[in-house]
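# Chains, contacts and geometry: an overview
What follows is each chain in one-letter form.
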Amino acid sequence: MTTIVHLLPHFDNDGNGIVNIVVDLACAQSATGHTVSCIGSRSGSYSDLLRSHAVTTCVLTGRNSALSLRQLYLLLKNLRPEIVHAHTVPTALMARALQAMFGFRLITTVHNGPRLRNALLGFSDKIICVSDSIAKGMKRFQFADSKIRVVRNGPIGSPRRPNILQGPQNYRISRPAIVTLGSLHRYKGAQDVISAFSIARKSIPNLSLYILGEGPMKPQLQKQAARIEGNDNIHIEGFIADPRPYLSQADVFILPSHREAFGIALAEAREAGCAIVGTNVGGIPEVLEGGRSGVLVPANSPKDIARIVIELLSDPIQLATLKRHAATNVHWLRVERMSQETIAIYREALSPTVS
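Residues numbered from 1 in each chain as written. Predicted model: local features only at pLDDT ≥ 70, side-chain atom pairs only at ≥ 80, totals over all residues. Heavy atoms only, no water.

## Let's talk about the packing of aromatic side chains
Quick note on the threshold: Only Phe, Tyr and Trp rings take part, Trp by its six-membered ring, and two of them pair if their centres are within 6.5 Å. Stacked means planes under 30 degrees apart, edge-to-face means over 60, and tilted covers everything else. For the purposes of this entry, the term helix denotes a DSSP run of H or I that reaches at least four residues, the term strand denotes a run of E that reaches at least two, and both are numbered from the N terminus. Here's how the labels work: a residue is buried when its accessible area is under 20% of the maximum for its type, exposed when over 50%, partly exposed in between, all with a 1.4 Å probe on protein chains only. As a reminder, the over-ring test applies to NZ of lysine and CZ of arginine, requiring each to be within 6 Å of the ring centre and within 35 degrees of the ring normal.
What the rule picks out here adds up to four aromatic pairs. Relative to F102, the ring of Y73 has its centre 5.5 Å away and its plane inclined at 40°; by these criteria the two rings are tilted. Of this pair, Y73 sits in helix 3 (residues 65-79) while F102 is found in helix 4 (residues 89-102), placing the two residues 29 residues apart along the sequence. Judged by relative accessible area, Y73 falls into the partly exposed class, the value being 26%. Given a relative accessible area of 15%, F102 falls into the buried group. Centroid distance F141 to F143: 6.4 Å. Interplanar angle 65°. Geometry classified as edge-to-face. Using a relative accessible area of 28% as the deciding quantity, one classes F141 as partly exposed. Through a chain of ring-to-ring contacts, the aromatic side chains of F123, F141 and F143 assemble into a single cluster. Sitting over the ring of Y187, R259 keeps its end group 3.9 Å from the ring centre.

Structure representation (structure tokens):
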């Protein structure tokens, strides 16, 4: 068994996809007998969850890079990991600075892209990319193919999502409904869904839209929604810790990103059996299996989104078929598969034959 340290941004349940995936990995790896610790910059509700799964949690309280580096040095000196798995550029750079002192293997995961700073994640023993799309981007930095591995995210079966939903069970959304989920940044495309809603409601007057997430675009989205006829049916709900009640009732789920490394929300929507519309960018086609598990549309195209929504909600048979396809073949999106593939990369990195 392996002694593993994950370096993640923090332990807050605030919708950060990187944090969610690292928590899932750490819990799954601990469950299979590995000694796992997580080090983040601040505590949060996931701290208790991790500890309940026998994962040690440590918080870096340093207010500057030098102090954080010293704290990380002391923690690694005590933990003596064989593998340090860094999930952000700052943590990867700190781990790289300490690697020679402790002799661990450094693994990095590229969770976002395309970004020039991703090149800084390449100075590790193995680079994990969350999609083929991200792997292609990393290869443009001239990293050797032997260093790059693809492990697609697997949020289904997450310990973050207990079998019994927390909170009131009688919440109902107004249907027919389209739902979108993600941080409210411009590149996530929620503004396109509002525009698509404005078009689609001309054919479906009782259509409702639910936007789940927080971010800097929220005030602008609220202003955009206020200008639209029928805006009483637009619900900008903010961050929802467990979106399953919305997903289970959605008629159509939309991921309108202009760029997307993977699309964790798509996996959750597939598990819920939503009919899915996603933009044909980044890792989205991989999650939707090339369009077999959802409809792919061009990015930044509200008219295409509206057209598909109208078609689906006007044809119950087509809608039911797409829901069935979304919920089929989701086993590869499970946490266990993601953990097993990641452990295999650790073993490869620890092999004496690795240069």
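Read on, since the account is not over.
## Here we look at helix 4
Let me state the cut-off plainly: A helix's residues, less one, multiplied by 1.5 Å, set its expected span. The term bend refers to the angle at a residue between two fitted axes, each drawn through seven residues, those ending there and those starting there. Contacts were defined at the residue level, with two residues in contact if any of their heavy atoms lie within 4.5 Å.
Taking 1.5 Å of rise per residue, 14 residues should cover 20 Å, and helix 4 covers 20 Å from first to last C-alpha, within 8% of that figure. At R96, helix 4 is deflected by roughly 30°, the largest bend along its length. By the burial criterion, the buried members of helix 4 are V89, T91, A92, M94, A95, L98, Q99 and F102. On the buried face of helix 4, the contacting elements are strand 1 (3-7), helix 3, strand 4 (83-86) and strand 5 (105-110). Directly after helix 4, the chain includes G103, whose backbone phi takes a positive value near 75°.

Geometric values such as these leave the question of function open.
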